[in-house]
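# Overview (structure and organization)
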Amino acid sequence: MIAFPYGLPHLVAAAPLLPPALETREIVAVALAALAALLLAIALLRLRAPAPRPLAAPPPGALAQLAGGLAKTRDRLGLAIKRALGREPSQATLDEIEAALIEADVGVAATQAILEDVRRAFAEGRARTAGALLDELKKDLRVKLDSGEAGLREAPAPPTVVLVVGVNGAGKTTSIAKLAAWLRARNKRVLLCAADTFRAAAVEQLSIWAARIGAGIVKGASGADPAAVAFDATEAALARGADVLIVDTAGRLHTHQNLMAELSKIKRAIQKRIPGAPHEVLLVLDATTGQNAIAQAREFLRATDVTGIFLAKLDGTAKGGIIVAIREQLGLPVKFVGIGERPEDIQPFDAEKFVEALFA
(Lines give C-alpha, C1' and ligand atoms only; values in the text may rest on other atoms or scores of the structure.)
Protein backbone atom coordinates (compact mmCIF):
# COMPACT_ATOMS: atom_id res chain seq x y z
CA MET A 1 0.00 0.00 0.00
CA ILE A 2 1.31 3.47 -0.85
CA ALA A 3 1.87 5.74 2.16
CA PHE A 4 0.32 9.11 1.32
CA PRO A 5 2.15 12.11 2.71
CA TYR A 6 0.49 15.09 4.30
CA GLY A 7 -2.40 13.06 5.59
CA LEU A 8 -4.21 12.89 2.24
CA PRO A 9 -6.77 10.26 3.31
CA HIS A 10 -7.64 12.44 6.30
CA LEU A 11 -8.16 15.44 4.07
CA VAL A 12 -10.33 13.52 1.63
CA ALA A 13 -12.41 12.04 4.44
CA ALA A 14 -12.78 15.42 6.11
CA ALA A 15 -13.62 17.39 2.95
CA PRO A 16 -17.44 17.07 3.29
CA LEU A 17 -17.20 18.38 6.89
CA LEU A 18 -15.37 21.59 6.02
CA PRO A 19 -17.18 24.67 7.36
CA PRO A 20 -19.47 26.48 4.90
CA ALA A 21 -17.41 29.63 5.35
CA LEU A 22 -14.49 28.00 3.44
CA GLU A 23 -14.66 29.39 -0.08
CA THR A 24 -14.73 27.14 -3.13
CA ARG A 25 -11.34 28.31 -4.38
CA GLU A 26 -9.78 27.32 -1.05
CA ILE A 27 -11.26 23.83 -1.33
CA VAL A 28 -9.81 23.53 -4.85
CA ALA A 29 -6.42 24.71 -3.63
CA VAL A 30 -6.35 22.13 -0.85
CA ALA A 31 -7.39 19.37 -3.28
CA LEU A 32 -4.71 20.36 -5.79
CA ALA A 33 -2.06 20.37 -3.07
CA ALA A 34 -3.14 16.92 -1.97
CA LEU A 35 -3.04 15.66 -5.57
CA ALA A 36 0.43 17.09 -6.06
CA ALA A 37 1.59 15.35 -2.89
CA LEU A 38 0.10 12.07 -4.14
CA LEU A 39 1.88 12.34 -7.50
CA LEU A 40 5.15 13.14 -5.75
CA ALA A 41 4.79 10.09 -3.49
CA ILE A 42 4.13 7.80 -6.46
CA ALA A 43 7.17 9.18 -8.29
CA LEU A 44 9.38 8.57 -5.26
CA LEU A 45 8.12 5.01 -4.90
CA ARG A 46 8.91 4.30 -8.54
CA LEU A 47 12.43 5.61 -8.11
CA ARG A 48 12.97 3.39 -5.09
CA ALA A 49 11.47 0.23 -6.64
CA PRO A 50 13.94 -2.31 -8.05
CA ALA A 51 14.16 -2.56 -11.80
CA PRO A 52 12.08 -5.44 -13.15
CA ARG A 53 14.08 -8.57 -13.88
CA PRO A 54 13.99 -9.81 -17.46
CA LEU A 55 11.74 -12.80 -17.97
CA ALA A 56 13.53 -16.10 -18.37
CA ALA A 57 13.45 -17.46 -21.88
CA PRO A 58 10.77 -20.12 -22.21
CA PRO A 59 12.10 -23.68 -22.26
CA PRO A 60 12.56 -25.06 -25.74
CA GLY A 61 9.95 -27.40 -27.15
CA ALA A 62 10.63 -31.09 -27.17
CA LEU A 63 11.62 -31.10 -30.84
CA ALA A 64 13.94 -28.10 -30.45
CA GLN A 65 15.55 -29.64 -27.36
CA LEU A 66 16.08 -32.94 -29.14
CA ALA A 67 17.44 -31.20 -32.24
CA GLY A 68 19.95 -29.40 -30.03
CA GLY A 69 21.01 -32.66 -28.43
CA LEU A 70 21.45 -34.26 -31.83
CA ALA A 71 23.52 -31.38 -33.22
CA LYS A 72 26.69 -33.45 -33.72
CA THR A 73 24.90 -36.33 -35.37
CA ARG A 74 22.82 -33.96 -37.48
CA ASP A 75 25.93 -32.07 -38.59
CA ARG A 76 27.50 -35.28 -39.84
CA LEU A 77 24.66 -37.54 -40.94
CA GLY A 78 21.90 -35.05 -41.72
CA LEU A 79 24.12 -32.66 -43.65
CA ALA A 80 25.86 -35.49 -45.51
CA ILE A 81 22.50 -36.78 -46.71
CA LYS A 82 21.29 -33.30 -47.59
CA ARG A 83 24.44 -32.75 -49.64
CA ALA A 84 23.85 -36.02 -51.45
CA LEU A 85 20.32 -34.91 -52.22
CA GLY A 86 21.46 -31.49 -53.38
CA ARG A 87 21.69 -32.62 -56.99
CA GLU A 88 19.70 -34.77 -59.37
CA PRO A 89 19.11 -38.12 -57.60
CA SER A 90 20.93 -41.12 -59.06
CA GLN A 91 22.40 -44.45 -57.97
CA ALA A 92 25.45 -42.50 -56.82
CA THR A 93 23.16 -40.50 -54.52
CA LEU A 94 21.94 -43.71 -52.92
CA ASP A 95 25.51 -44.90 -52.45
CA GLU A 96 26.38 -41.64 -50.66
CA ILE A 97 23.36 -42.00 -48.38
CA GLU A 98 24.43 -45.57 -47.56
CA ALA A 99 27.96 -44.43 -46.69
CA ALA A 100 26.61 -41.62 -44.48
CA LEU A 101 24.38 -44.03 -42.53
CA ILE A 102 27.22 -46.48 -41.93
CA GLU A 103 29.54 -43.64 -40.87
CA ALA A 104 26.95 -42.59 -38.27
CA ASP A 105 27.04 -46.11 -36.75
CA VAL A 106 23.62 -47.13 -37.99
CA GLY A 107 25.25 -50.46 -38.74
CA VAL A 108 25.75 -52.36 -41.99
CA ALA A 109 22.74 -54.68 -41.58
CA ALA A 110 20.31 -51.90 -40.65
CA THR A 111 21.66 -49.62 -43.37
CA GLN A 112 21.24 -52.28 -46.05
CA ALA A 113 17.69 -53.00 -44.91
CA ILE A 114 16.79 -49.30 -45.00
CA LEU A 115 18.47 -48.68 -48.37
CA GLU A 116 16.78 -51.73 -49.88
CA ASP A 117 13.42 -50.01 -49.49
CA VAL A 118 14.78 -46.66 -50.68
CA ARG A 119 16.43 -48.21 -53.74
CA ARG A 120 13.22 -50.03 -54.58
CA ALA A 121 11.22 -46.82 -54.37
CA PHE A 122 13.79 -45.12 -56.61
CA ALA A 123 13.79 -47.93 -59.17
CA GLU A 124 9.98 -48.01 -59.30
CA GLY A 125 9.81 -44.27 -59.86
CA ARG A 126 8.11 -43.50 -56.52
CA ALA A 127 11.08 -41.52 -55.24
CA ARG A 128 12.82 -39.77 -58.11
CA THR A 129 13.16 -36.31 -56.55
CA ALA A 130 15.34 -35.27 -53.64
CA GLY A 131 12.26 -34.53 -51.52
CA ALA A 132 10.67 -37.89 -52.29
CA LEU A 133 13.90 -39.74 -51.51
CA LEU A 134 14.25 -37.94 -48.18
CA ASP A 135 10.63 -38.73 -47.30
CA GLU A 136 11.20 -42.40 -48.12
CA LEU A 137 14.35 -42.47 -45.99
CA LYS A 138 12.56 -40.83 -43.06
CA LYS A 139 9.69 -43.28 -43.35
CA ASP A 140 12.02 -46.29 -43.25
CA LEU A 141 13.95 -44.87 -40.29
CA ARG A 142 10.69 -44.34 -38.38
CA VAL A 143 9.61 -47.91 -39.07
CA LYS A 144 12.97 -49.25 -37.86
CA LEU A 145 12.90 -47.17 -34.69
CA ASP A 146 9.26 -47.38 -33.65
CA SER A 147 8.95 -50.14 -31.07
CA GLY A 148 5.44 -49.23 -29.94
CA GLU A 149 6.70 -49.23 -26.35
CA ALA A 150 6.99 -45.64 -25.20
CA GLY A 151 7.57 -44.54 -21.61
CA LEU A 152 7.91 -46.63 -18.48
CA ARG A 153 5.96 -49.75 -17.73
CA GLU A 154 3.81 -49.10 -14.69
CA ALA A 155 2.83 -51.43 -11.90
CA PRO A 156 -0.90 -52.16 -11.46
CA ALA A 157 -0.56 -50.40 -8.09
CA PRO A 158 2.33 -48.27 -6.85
CA PRO A 159 5.17 -48.40 -6.39
CA THR A 160 6.52 -49.09 -9.86
CA VAL A 161 10.01 -50.54 -9.46
CA VAL A 162 12.69 -49.69 -12.02
CA LEU A 163 15.96 -51.62 -11.88
CA VAL A 164 18.82 -49.78 -13.62
CA VAL A 165 21.86 -51.65 -14.92
CA GLY A 166 24.93 -50.69 -16.93
CA VAL A 167 28.71 -50.56 -16.80
CA ASN A 168 30.56 -47.93 -14.79
CA GLY A 169 31.24 -44.83 -16.84
CA ALA A 170 28.19 -45.20 -19.08
CA GLY A 171 26.38 -42.40 -17.25
CA LYS A 172 24.21 -44.65 -15.10
CA THR A 173 24.02 -42.47 -11.99
CA THR A 174 23.32 -39.29 -13.95
CA SER A 175 20.71 -41.10 -16.04
CA ILE A 176 18.96 -42.25 -12.85
CA ALA A 177 18.92 -38.64 -11.65
CA LYS A 178 17.45 -37.49 -14.98
CA LEU A 179 14.78 -40.16 -14.87
CA ALA A 180 13.91 -39.21 -11.29
CA ALA A 181 13.75 -35.51 -12.23
CA TRP A 182 11.50 -36.36 -15.19
CA LEU A 183 9.16 -38.27 -12.88
CA ARG A 184 9.23 -35.52 -10.23
CA ALA A 185 8.24 -33.00 -12.90
CA ARG A 186 5.14 -35.14 -13.40
CA ASN A 187 4.29 -35.01 -9.69
CA LYS A 188 5.48 -38.54 -8.95
CA ARG A 189 6.84 -39.40 -5.52
CA VAL A 190 10.24 -40.92 -6.24
CA LEU A 191 12.52 -42.97 -4.00
CA LEU A 192 16.06 -43.87 -5.04
CA CYS A 193 17.93 -46.95 -3.86
CA ALA A 194 21.74 -46.80 -3.81
CA ALA A 195 22.44 -50.52 -4.19
CA ASP A 196 25.81 -50.01 -5.89
CA THR A 197 27.36 -50.30 -2.42
CA PHE A 198 30.86 -51.16 -3.60
CA ARG A 199 31.42 -47.65 -4.95
CA ALA A 200 31.19 -45.00 -2.24
CA ALA A 201 31.41 -42.29 -4.88
CA ALA A 202 28.29 -43.62 -6.61
CA VAL A 203 26.30 -43.57 -3.35
CA GLU A 204 27.49 -40.04 -2.57
CA GLN A 205 26.68 -38.79 -6.05
CA LEU A 206 23.21 -40.33 -5.96
CA SER A 207 22.60 -38.73 -2.54
CA ILE A 208 23.50 -35.31 -3.93
CA TRP A 209 21.17 -35.79 -6.88
CA ALA A 210 18.33 -36.95 -4.62
CA ALA A 211 18.58 -33.77 -2.52
CA ARG A 212 18.76 -31.62 -5.63
CA ILE A 213 15.68 -33.00 -7.35
CA GLY A 214 13.55 -33.62 -4.28
CA ALA A 215 13.61 -37.41 -4.21
CA GLY A 216 14.06 -39.69 -1.21
CA ILE A 217 16.95 -42.11 -1.00
CA VAL A 218 17.75 -45.35 0.84
CA LYS A 219 21.39 -46.34 1.17
CA GLY A 220 23.48 -48.74 3.21
CA ALA A 221 26.99 -48.72 4.60
CA SER A 222 29.88 -49.02 2.19
CA GLY A 223 30.22 -52.64 1.11
CA ALA A 224 26.78 -53.60 2.43
CA ASP A 225 24.82 -56.39 0.78
CA PRO A 226 23.12 -54.76 -2.25
CA ALA A 227 20.13 -57.10 -1.97
CA ALA A 228 19.60 -56.09 1.67
CA VAL A 229 19.68 -52.41 0.70
CA ALA A 230 17.19 -53.10 -2.10
CA PHE A 231 14.89 -54.88 0.36
CA ASP A 232 15.06 -51.93 2.79
CA ALA A 233 14.28 -49.56 -0.08
CA THR A 234 11.27 -51.66 -1.05
CA GLU A 235 9.96 -51.50 2.53
CA ALA A 236 10.53 -47.75 2.59
CA ALA A 237 8.77 -47.24 -0.76
CA LEU A 238 5.68 -49.03 0.54
CA ALA A 239 5.74 -47.23 3.89
CA ARG A 240 6.22 -43.77 2.36
CA GLY A 241 3.70 -44.21 -0.43
CA ALA A 242 6.25 -43.76 -3.22
CA ASP A 243 4.98 -43.90 -6.79
CA VAL A 244 8.29 -45.07 -8.26
CA LEU A 245 11.31 -46.82 -6.75
CA ILE A 246 14.50 -46.60 -8.86
CA VAL A 247 17.21 -49.09 -7.90
CA ASP A 248 20.84 -48.46 -8.87
CA THR A 249 23.05 -51.54 -9.22
CA ALA A 250 26.74 -52.38 -9.43
CA GLY A 251 28.22 -51.46 -12.77
CA ARG A 252 31.03 -53.95 -12.91
CA LEU A 253 31.36 -57.44 -11.46
CA HIS A 254 34.28 -59.74 -12.16
CA THR A 255 32.45 -62.35 -14.23
CA HIS A 256 29.21 -62.84 -16.08
CA GLN A 257 28.17 -65.37 -13.43
CA ASN A 258 28.74 -62.85 -10.63
CA LEU A 259 26.68 -60.23 -12.42
CA MET A 260 23.82 -62.63 -13.05
CA ALA A 261 23.88 -63.88 -9.45
CA GLU A 262 23.93 -60.36 -7.97
CA LEU A 263 21.05 -59.08 -10.11
CA SER A 264 19.01 -62.22 -9.44
CA LYS A 265 19.54 -61.80 -5.69
CA ILE A 266 18.41 -58.15 -5.83
CA LYS A 267 15.30 -59.13 -7.78
CA ARG A 268 14.38 -61.82 -5.27
CA ALA A 269 14.79 -59.35 -2.39
CA ILE A 270 12.46 -56.87 -4.09
CA GLN A 271 9.89 -59.52 -4.95
CA LYS A 272 9.54 -60.53 -1.30
CA ARG A 273 7.53 -57.35 -0.76
CA ILE A 274 6.40 -56.48 -4.29
CA PRO A 275 5.52 -59.55 -6.38
CA GLY A 276 6.08 -59.05 -10.08
CA ALA A 277 8.77 -56.41 -9.56
CA PRO A 278 10.90 -55.02 -11.07
CA HIS A 279 8.43 -53.78 -13.63
CA GLU A 280 11.12 -52.23 -15.81
CA VAL A 281 14.81 -53.12 -16.21
CA LEU A 282 16.59 -50.26 -17.96
CA LEU A 283 20.06 -50.74 -19.41
CA VAL A 284 22.05 -47.50 -19.62
CA LEU A 285 24.30 -47.38 -22.69
CA ASP A 286 26.81 -44.68 -23.60
CA ALA A 287 26.01 -43.45 -27.10
CA THR A 288 29.58 -42.18 -27.56
CA THR A 289 30.96 -45.74 -27.50
CA GLY A 290 29.19 -46.64 -30.74
CA GLN A 291 29.19 -50.31 -31.61
CA ASN A 292 30.87 -51.16 -28.28
CA ALA A 293 27.54 -50.31 -26.65
CA ILE A 294 26.00 -53.22 -28.58
CA ALA A 295 28.59 -55.61 -27.13
CA GLN A 296 27.90 -54.32 -23.60
CA ALA A 297 24.19 -54.78 -24.11
CA ARG A 298 24.64 -58.40 -25.17
CA GLU A 299 26.51 -59.12 -21.91
CA PHE A 300 23.71 -57.70 -19.78
CA LEU A 301 21.05 -59.46 -21.85
CA ARG A 302 22.70 -62.76 -20.94
CA ALA A 303 22.65 -61.80 -17.26
CA THR A 304 19.16 -60.37 -16.83
CA ASP A 305 15.88 -59.62 -18.58
CA VAL A 306 16.41 -56.10 -19.91
CA THR A 307 13.15 -54.44 -20.94
CA GLY A 308 14.44 -51.18 -22.40
CA ILE A 309 17.40 -48.92 -23.11
CA PHE A 310 18.33 -45.53 -21.68
CA LEU A 311 20.75 -44.11 -24.25
CA ALA A 312 22.97 -41.61 -22.43
CA LYS A 313 25.30 -38.91 -23.82
CA LEU A 314 23.54 -38.75 -27.17
CA ASP A 315 24.53 -35.09 -27.38
CA GLY A 316 28.22 -36.00 -27.15
CA THR A 317 28.51 -38.08 -30.31
CA ALA A 318 28.29 -37.61 -34.06
CA LYS A 319 27.30 -41.27 -34.30
CA GLY A 320 23.75 -41.09 -32.98
CA GLY A 321 22.79 -43.61 -35.62
CA ILE A 322 23.72 -46.24 -33.02
CA ILE A 323 20.14 -45.93 -31.83
CA VAL A 324 19.03 -47.63 -35.07
CA ALA A 325 21.62 -50.39 -34.66
CA ILE A 326 20.46 -51.03 -31.08
CA ARG A 327 16.89 -51.44 -32.19
CA GLU A 328 17.85 -53.58 -35.20
CA GLN A 329 20.37 -55.88 -33.52
CA LEU A 330 18.99 -56.19 -29.99
CA GLY A 331 15.27 -55.87 -30.60
CA LEU A 332 14.97 -53.71 -27.49
CA PRO A 333 13.01 -50.46 -27.30
CA VAL A 334 14.94 -47.30 -26.53
CA LYS A 335 12.84 -45.80 -23.72
CA PHE A 336 14.78 -42.61 -22.91
CA VAL A 337 17.64 -40.55 -24.30
CA GLY A 338 20.01 -38.24 -22.41
CA ILE A 339 20.83 -35.11 -24.40
CA GLY A 340 22.82 -32.91 -22.01
CA GLU A 341 24.29 -32.51 -18.55
CA ARG A 342 21.29 -30.99 -16.73
CA PRO A 343 18.65 -33.06 -14.93
CA GLU A 344 16.03 -31.86 -17.41
CA ASP A 345 18.07 -33.00 -20.42
CA ILE A 346 16.08 -36.18 -20.90
CA GLN A 347 13.35 -37.19 -23.30
CA PRO A 348 11.21 -40.27 -23.70
CA PHE A 349 12.26 -41.67 -27.04
CA ASP A 350 9.89 -40.86 -29.87
CA ALA A 351 10.78 -42.21 -33.32
CA GLU A 352 8.88 -39.46 -35.15
CA LYS A 353 10.58 -36.65 -33.22
CA PHE A 354 13.99 -38.30 -33.47
CA VAL A 355 13.85 -38.55 -37.26
CA GLU A 356 12.55 -35.01 -37.67
CA ALA A 357 15.25 -33.65 -35.32
CA LEU A 358 17.91 -35.56 -37.25
CA PHE A 359 17.11 -33.64 -40.41
CA ALA A 360 15.96 -30.35 -38.81
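Residues numbered from 1 in each chain as written. Predicted model: local features only at pLDDT ≥ 70, side-chain atom pairs only at ≥ 80, totals over all residues. Heavy atoms only, no water.

So, on to the packing of helix H7 (residues 130-145) against helix H14 (residues 351-358). Between H7 and H14, whose axes approach to 9 Å, the crossing angle comes to 140°. Classified by the angle between their axes, H7 and H14 sit oblique to one another. Seen along the crossing, H7 lies across H14 with a hand that is right-handed. Here Lys138, Leu141, Arg142 and Leu145 of H7 lie close against H14, whose contacting residues are Ala351, Glu352, Phe354, Val355 and Glu356. (Axes fitted to C-alpha atoms, helices over the stretch in contact; angles between N-to-C directions. Helix = DSSP H or I, 4+ residues; strand = E, 2+ residues; numbered from the N terminus. Parallel < 35°, antiparallel > 145°, perpendicular 65-115°, else oblique. Left-handed = near helix turned anticlockwise from the far one by under 90°. Contact = heavy atoms within 4.5 Å.)

What the eight strands build is an open sheet, ordered E3-E2-E4-E1-E5-E6-E7-E8; its pairing is mixed. The strands lining the two open edges of the sheet, one partner per strand, are strand E3 (216-219) and strand E8 (346-348). Adjacent strand axes in the sheet meet at a mean angle of 20° when their direction is disregarded. Each of strand E1 (160-165) and strand E5 (280-286) is contacted by helix H12 (residues 291-303), which is oriented at about 150° to E5, the strand it contacts most. (Pairing = 2+ DSSP bridges.)

One recurring pattern in soluble globular proteins: nonpolar side chains tend to sit buried together. Membership of the largest hydrophobic core comes to 102 residues, with the highest contact counts inside it found for Ile81, Leu179, Ile246 and Leu311. Once residues lying within four places of it in the same chain are set aside, the contact partners of Leu311 are Leu285, Ala287, Ile322, Ile323, Ile326, Val334, Phe336, Val337 and Gly338. (Core = buried A, V, L, I, M, F, W, Y, C linked by side-chain atoms within 4.5 Å. Buried < 20%, exposed > 50% of the residue type's maximum accessible area, 1.4 Å probe, protein only.)

Below, the discussion takes up H14. Those residues of H14 lying buried are Ala351, Phe354, Val355, Ala357 and Leu358. What you see down the axis of H14 is that its buried residues fit within an arc of 165°, all on one side. If you check the start of H14, you find a side-chain oxygen 3.0 Å away from the backbone N of Glu352, and it comes from Asp350. (Arc of directions from axis to C-beta. Polar contact = N/O pair within 3.5 Å; in protein donor to acceptor, adjacent residues only side chain to side chain.)

Glancing now at the confidence of the model for the chain. Residues of the chain with pLDDT of at least 70 account for 78%, and the chain-wide mean is 80. Scored below 50 in pLDDT, residues 1-22 makes 15 contacts in the model with residues more than four places away or belonging to other chains. Note that residues 42-60 has pLDDT below 50 and, in this model, three contacts with residues that lie over four places away or in other chains. (pLDDT = per-residue confidence, 0-100.)

Right, let's get into the pattern of salt bridges. In total, this model carries 22 salt bridges according to the counting rule given. Between Lys144 and Glu328 there is a salt bridge, with its nearest N and O atoms 3.1 Å apart. Here the residue Lys144 occupies a position in helix H7, and Glu328 occupies one in helix H13 (residues 322-330), the gap between them amounting to 184 residues. For Lys144, a relative accessible area of 24% translates into the label partly exposed. Its salt-bridge partner being Asp248, residue Lys172 comes within 2.7 Å of it at the nearest N-O pair. Within this pair, whereas Lys172 is found in helix H8 (residues 172-184), its partner Asp248 is found in strand E4 (residues 244-248), the two being separated by 76 residues in sequence. Pair check on accessibility: Lys172 and Asp248 agree, each one buried. Residues joined in a network through salt bridges with shared partners are Lys138, Arg142, Glu352 and Glu356. (Salt bridge = Lys/Arg side-chain N within 4 Å of Asp/Glu carboxyl O.)

For Asn168, the position within the fold is in the loop between E1 and H8. In the structure, Asn168 is positioned 82 residues away from Ala250 in sequence and 8.0 Å away in space, judged by C-alpha atoms.

Summed over the entire model, instances satisfying the criterion amount to three aromatic pairs. Ring centres 5.1 Å apart and planes at 75° place the aromatic pair Trp182 and Phe336 in the edge-to-face group. Here Trp182 is found in helix H8, whereas its partner Phe336 is found in strand E7 (residues 334-338), with 154 residues between them in sequence. In this structure, Trp182 and Phe336 share a single accessibility class: buried. Here the aromatic rings of Phe349 and Phe354 are separated by 5.5 Å at their centres, their planes lie at 55°, and the arrangement is tilted. (Phe/Tyr/Trp six-rings, centres within 6.5 Å; stacked < 30°, edge-to-face > 60°.)

This part takes up the side chain of Asp345. Relative to the helices and strands, Asp345 resides in the loop between E7 and E8. Relative accessible area serves as the criterion here: at 5%, Asp345 is assigned to the buried category. Separated by 2.8 Å, the side chains of Asp345 and Arg342 make a polar contact.

The subject of this paragraph is helix H5 (residues 91-103). End to end, H5 covers 19 Å across 13 residues, agreeing with the expected 18 Å (1.5 Å per residue, within 8%). Those residues of H5 lying buried are Thr93, Leu94, Ile97, Ala100 and Leu101. Take H5 and look down its axis: the buried residues cluster within an arc of 120°, on one side only. After H5 finishes, the residue Asp105 shows a positive phi value of roughly 70°. (Expected span 1.5 Å × (residues − 1).)

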